[in-house]
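Examining the three-dimensional arrangement
Listed below, chain by chain, are the residues.
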Amino acid sequence: MSGSETVVVTGFGPFRQFLVNPSWKAAQELKLVGLGEHTDVYIKELPVSYVKTEQIIAEIWKNFNPKLAVHLGIARGSKGIILEQTGKNCGYRDKDVCGFCPKSLCCVEGGPDKLDSIINMRAVSKAFRQAGMDVIYSRDAGRYLCDFAYYCSLYHGQRRAALIHIPSPGSLSSADRLVPLLQTLIQTMLDQLEGPSEATRKDNEQQSHSGRSPDKGH
């Protein structure tokens with residue numbers, strides 16, 4: 001990349017048993033290690049609140065217009081990292097920490113039913129799995145705050161967003177293993193934005209499969 005680009009990384013605030021959400025801790029660690037000398041990393045904690053999350057996501061795109069926005073969340077029951085391709089607009093029936101869910105049950109009233117990231121998550125996952133890493137491709141982000149934030153970001157950011165579900169605390173989620181992997185994943189996504197290969201473009205055109213995902217919290 002030429003010049004300095006901004007990448008925004010978000011994690012979620014306290015949720016259920018997590019007084020400090022592991023996704024927010026991972027975002028803080030990513031800020032410390034960085035994404036290379038030509039990339040500025042801005043991090044933001046998202047409350048587990050539909051209203052506040054929508055406001056913050058809109059502000060991020062208005063104020064920073066980042067090269068890429070990366071949203072981190074928790075996938076309970078997963079042993080690997082999950083790369084989410086798609087954000088869904090409607091079906092948000094589960095209440096947030098404030099006891100609220102959107103009246104319309106949608107992220108954006110009148111918006112597309114779903115939005116896909118400009119990043120080819122299948123291609124990224126495949127490359128890392130071939131290297132022996134447990135990186136899973138998914139098209140079902142769970143229809144809770146992670147999915148909600150992702151759709152809002154895809155909508156406001158012309159699809160220049162990524163949602164990465166990380167495991168609940170365990171072996172892979174230790175900072176010395178998780179953060180370097182997240183760093184490399186995000187750098188790979190940024191490289192893809194610079195110039196997708198022909199194979200990547202073809203793979204993007206074929207993304208019509210769906211996959212079951214673990215219980216995705218925040």
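Residues numbered from 1 in each chain as written. Predicted model: local features only at pLDDT ≥ 70, side-chain atom pairs only at ≥ 80, totals over all residues. Heavy atoms only, no water.

Comments concerning helix α4 (residues 145-156)
Over its twelve residues, α4 extends 16 Å from the first C-alpha to the last, a length consistent with the 16 Å expected when each residue adds 1.5 Å. Across the twelve residues that make up α4, a large majority, ten, are buried. (Helix = DSSP H or I, 4+ residues; strand = E, 2+ residues; numbered from the N terminus. Expected span 1.5 Å × (residues − 1). Buried < 20%, exposed > 50% of the residue type's maximum accessible area, 1.4 Å probe, protein only.)

A closer look at helix α2 (residues 50-63)
With 14 residues, α2 extends 20 Å between its outermost C-alpha atoms, agreeing within 8% with the 20 Å of an ideal straight helix rising 1.5 Å per residue. Inspection of α2 places Tyr50, Thr53, Ile56, Ile57, Ile60 and Trp61 among the buried residues, and these make up the whole buried set. In an axial view of α2, the angular spread of the buried residues amounts to 135 degrees, which keeps them on one side of the axis. Along α2, exposed side chains directed more than 90 degrees from the buried face belong to Lys62 and Asn63. Buried-residue contacts for α2 involve β1 (5-12), β2 (39-46), β3 (68-76) and α4. Downstream of α2 by a residue or two, Asn65 has a phi angle that is positive, lying close to 40 degrees. (Arc of directions from axis to C-beta. Contact = heavy atoms within 4.5 Å.)

Overview of the confidence of the model for the chain
On average, residues of the chain score 89 in pLDDT, and 85% of them are at 70 or above. Low confidence marks residues 198-202, where pLDDT is under 50. Its contacts with residues over four positions away, or in another chain, come to four contacts. Taken together, the stretch residues 207-213 has pLDDT below 50 and engages in 16 contacts with residues farther than four places along the chain or on a different chain. (pLDDT = per-residue confidence, 0-100.)

Remarks on the pattern of salt bridges
Enumeration over the complete set of coordinates arrives at three salt bridges. Of the charged contacts, one joins Lys67 and Glu194 as a salt bridge, the two residues approaching to 2.5 Å between their closest N and O atoms. Note that Lys67 is positioned in the loop between α2 and β3 and Glu194 in helix α5 (residues 175-194), a separation of 127 residues in sequence. Residue classification places Lys67 among the buried positions, given a relative accessible area of 19%. One salt bridge in this structure joins Asp116 and Arg139, with 3.2 Å as the shortest N-O distance. Here Arg139 lies in the loop between β7 (135-138) and α4 and Asp116 lies in strand β6 (residues 114-116), a separation of 23 residues in the sequence. The partly exposed category is assigned to Asp116, whose relative accessible area is 21%. For Arg139, a relative accessible area of 8% translates into the label buried. (Salt bridge = Lys/Arg side-chain N within 4 Å of Asp/Glu carboxyl O.)

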